[in-house]
There are 2 protein chains.
Amino acid sequence: MDNNRYCVIMCGGVGSRFWPFSKSAMPKQFIDFFGTGRTLLQMAFDRIKGIVPVENILLITNESYEPLIKSQLPEINSDQILLEPTRRNTAPCIAWAAHHIKAINPEAKMMVAPSDHLIINEEKFRQSVTKAFDFIEKYDALVTMGIKPSRPETGYGYIQVGEAVEGDFSTVKTFTEKPNEDLARVFLESGEFYWNSGMFFWSADSILNALNAFAPEVNTIFEQGKQFFGTAQEMDYINANFEASPSISIDFAIMEKAPNVYVETVDFGWNDLGTWRSLYEHSPKNKDGNVTQNCKALMFNSHDNIVAIKGDKLVVASGLEGYIVADVDDALLIVPMAEEQKIKQYVNDVKAKFGDKYL
Amino acid sequence: MDNNRYCVIMCGGVGSRFWPFSKSAMPKQFIDFFGTGRTLLQMAFDRIKGIVPVENILLITNESYEPLIKSQLPEINSDQILLEPTRRNTAPCIAWAAHHIKAINPEAKMMVAPSDHLIINEEKFRQSVTKAFDFIEKYDALVTMGIKPSRPETGYGYIQVGEAVEGDFSTVKTFTEKPNEDLARVFLESGEFYWNSGMFFWSADSILNALNAFAPEVNTIFEQGKQFFGTAQEMDYINANFEASPSISIDFAIMEKAPNVYVETVDFGWNDLGTWRSLYEHSPKNKDGNVTQNCKALMFNSHDNIVAIKGDKLVVASGLEGYIVADVDDALLIVPMAEEQKIKQYVNDVKAKFGDKYL
């Protein structure tokens, strides 16, 4: 394996859309979502470790998740875990990782990957990752993976491909946020639109140049501490300065602005597991269309529900059609799947009424 | 207070219709159902202790509930608790209590009362109890309390009154099991039908004579151990012989057969709390008609539900109309209130599939 290849797995998300199954103390990347014995984070790590040297895999997360990461990935050393003292979205997260890696290895090529997505065909995934690394080794390119859409999904961002460059790589014509259903159908039929996966590839140099040019308000924070990266003083510097960065996404800060952005169109069975419905759709169902996620459930006269219960608990339900039933420790959620977009709002109401107690 | 007056509180029921709120390890009589700080058993005890000497109040229950009774009623002595080694319905239960009391006090007059009912007007209740004791002191009578019905309830048994005897007391024309709705409406309109409360009054002699005449297969078991009642050998005798009794209700064994049965018609606000709906109807509701029994619940777009959760747990629910949501430790029940009659069957399915683990 190429020692210049790095992977940064982002695993600091809170996962409030899956409350209470995913809570701030235990977000979804740390959960064995499919009952396979591996958490989403572990699955993300397993996928990567065949193509990037294990010592070049970095985890970037909120400092509160350090114990979870250490227990779930015992093969990772402490110096491979970057602990953000506060949450500042993906641009500062990636900027820190790029400065850190550049200090360790100026020739570094980086993949940036979320930790909480589902990928079905790992062999095709590895081929696509390898092609992306090859591409950014040849070109000063910022590459994003675009997933071939299989349905008019309204929950994702879309990338419209431009001119073919080589192989699966093209220029990008537009980035589009979540479309309405009519538009999503047009996107699907056109064949020009791909789902924005949040997986990126670039050399440390390319992303740092782009950050300097298009997000100086983020980059300066790290640029000014350059001498500390890769040293024992790095964490002190980060703890003192990270918070000063604006909270901004890498898509908005860089990908929608830089001229050297390319999309690799891929098709390996992907789901961002952003919603209960997406989990429902990717889980095995019984004859009544019920998904009973890791739990014992007797369902009478009930169809098309997803039941996710933590621990050895029994659910007896009747007359439920299309509901989410999630029960974890001190919280129980029962809402129609059609209302899943409101869960975030319900969680806000919980916070307003009870503080952080149940979050 | 009259030292010949006794009360037997039956508190051995399993309460499976309220599963999982009521479990075999903690049936409903031992639960603070209304969040008042007193369990149903404690409320039953409180109601009686003003009219019967505390030392004449006996508790008869399954042996597994001894610790619960002792902790909930610390003012009761061990010799006031009769522990059935096995469940055998109300006739053997009452037969044992009558033999026991007769051995202690041959002049005893007994009230038999369930421990898991709700009585609203305790003052009127006490007046009716006193009248019933007065009546059985005058007559060799088996008295049952008939509750003036307030609605065409299909979940109760009915007593049709016959000829007036004196005061609130009449002979009984018929006992009728749970009627269908049309019949229940006819019963209500006729003014002749009263709800069978399961509260009885008789002298020890009267009930023992009736048991001897109409349920000898039950009575013989106890009659043969006569010399042991009220002695240190009583429990050994019961443990060796109680199980041999047929399982039969006092209504079926005696009340529907004996010629000296009378009904006292009463009206003190009564509910047998036999079903979730009856609990729902007797609980305070919020503006959406939701009852949130002792628990924290955020209910969105939801009406006419009853939510009963044990412990400090938060429920967030949406789109529920007329459901029972009950969550206790390792079991969660979500069923429409209209299906509550099926809960027993669901619990049977739980037993068939998982044994006693969740019961």
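Residues numbered from 1 in each chain as written. Chains lettered and ligands numbered in written order. Predicted model: local features only at pLDDT ≥ 70, side-chain atom pairs only at ≥ 80, totals over all residues. Heavy atoms only, no water.

**Quick notes on the state of the cysteines**
Residue and element names in this part refer to chain A.
- Here the structure, examined in full by the defined rule, presents 0 disulfides over all chains.
- With no disulfide of its own, cysteine 7 lies 10 Å from the sulfur of cysteine 11, the closest cysteine sulfur.
- On the accessibility criterion, cysteine 7 (0% relative accessible area) is buried.
- We note that cysteine 93 lacks a disulfide partner, and the nearest cysteine sulfur, in cysteine 11, lies 8.7 Å from it. (Disulfide = S-S within 2.5 Å. Buried < 20%, exposed > 50% of the residue type's maximum accessible area, 1.4 Å probe, protein only.)

**Structural notes on the sheet that holds strand E14 (residues 306-309) of chain B**
- Ordered in space as E13(A)-E15(A)-E17(B)-E16(B)-E14(B)-E12(B), the 6 strands form an open sheet in which the pairing is mixed. With one partner strand each, in any of the chains shown, strand E13 (296-300) of chain A together with strand E12 (291-293) of chain B form the two edges of the open sheet. Sheet twist, expressed as the average angle between the axes of neighbouring strands with direction ignored, equals 5 degrees.
- Pairing between strand E16 (residues 323-328) of chain B and strand E17 (residues 331-336) of chain B: 6 bridges, direction antiparallel. Residue pairing across strands places isoleucine 324 of chain B opposite valine 335 of chain B, the latter belonging to E17 of chain B. (Pairing = 2+ DSSP bridges. Helix = DSSP H or I, 4+ residues; strand = E, 2+ residues; numbered from the N terminus. Axes fitted to C-alpha atoms, helices over the stretch in contact; angles between N-to-C directions.)

**As for the pattern of salt bridges**
- The full count for this structure, using the stated rule, is 46 salt bridges over all chains.
- When the shortest N-O distance is used, the salt bridge between lysine 173 of chain B and glutamate 192 of chain B registers 3.9 Å. Pair noted here: lysine 173 of chain B is in strand E8 (residues 169-176) and glutamate 192 of chain B is in the loop between helix H5 (181-190) and strand E9 (193-203), with a separation of 19 residues, a long-range link.
- Judged by its relative accessible area of 52%, lysine 173 of chain B is exposed.
- Relative accessible area serves as the criterion here: at 30%, glutamate 192 of chain B is assigned to the partly exposed category.
- Via salt bridges that share partners, Asp2, Arg5, Asp134 and Glu137 of chain A belong to a single interconnected network. (Salt bridge = Lys/Arg side-chain N within 4 Å of Asp/Glu carboxyl O.)

**Some points on the environment of threonine 39 of chain A**
All names here are of chain A.
- Within the element layout of this structure, threonine 39 appears in the loop between strand E1 (5-10) and helix H1 (40-49).
- Each C-alpha atom of the pair threonine 39 and alanine 103 lies 31 Å from the other, and the pair is 64 residues apart in sequence.
- Setting aside chain neighbours within four positions, we find threonine 39 in contact with Gln29, Phe30, Ile31, Asp32 and Gln72. (Contact = heavy atoms within 4.5 Å.)

**Examining the environment of serine 190 of chain A**
- In this fold, serine 190 of chain A is placed in helix H5 (residues 181-190).
- Sequence separation of serine 190 of chain A and aspartate 356 of chain A is 166 residues, and the distance between their C-alpha atoms is 45 Å.

**A word on the sheet that holds strand E16 (residues 323-328) of chain A**
- Here 6 strands make up an open sheet; going across it, the order is E12(A)-E14(A)-E16(A)-E17(A)-E15(B)-E13(B) and the pairing mixed. Among the strands making up the open sheet, the edge pair consists of strand E12 (291-293) of chain A together with strand E13 (296-300) of chain B. When the angles between neighbouring strand axes are averaged without regard to direction, this sheet yields 5 degrees.
- Pairing between E12 of chain A and strand E14 (residues 306-309) of chain A: 3 bridges, direction parallel.

**A word on the relation of the copies chain A and chain B**
- Relative to chain B, chain A is turned by 179 degrees and slid 0.1 Å along the rotation axis, the superposed coordinates differing by an RMSD of 0.1 Å. Taken together, the rotation and translation describe the operation of a two-fold axis.
- Mapped onto chain B, 100% of the interface residues of chain A again fall at the interface, so both copies present the same surface. (Least-squares fit on C-alpha atoms with pLDDT ≥ 70 in both.)

**Side note on the interface of chain A and chain B**
- In this complex, chain A contributes 34 residues to the contact, which on the side of chain B involves 34 residues.
- Here chain A and chain B share an interface that buries about 2800 Å² over both sides, 63% of which is from carbon and sulfur atoms.
- The closest approach of N and O atoms between aspartate 312 of chain A and lysine 357 of chain B, which form a salt bridge, is 2.9 Å.
- Contributing elements (two or more residues each) for the side of chain A that touches chain B: E13, strand E15 (314-318), E16, strand E17 (331-336) and helix H11 (343-354) of chain A.
- By residue number, the principal contributor to the side of chain A that touches chain B is E17 of chain A, which donates 6 residues.
- Across 4 bridges, E15 of chain A lies against E17 of chain B in parallel orientation. Residue valine 315 of chain A lies in a different strand from E17 of chain B, and its bridge partner there is leucine 332 of chain B. (Buried area = accessible area lost by both parts, 1.4 Å probe.)

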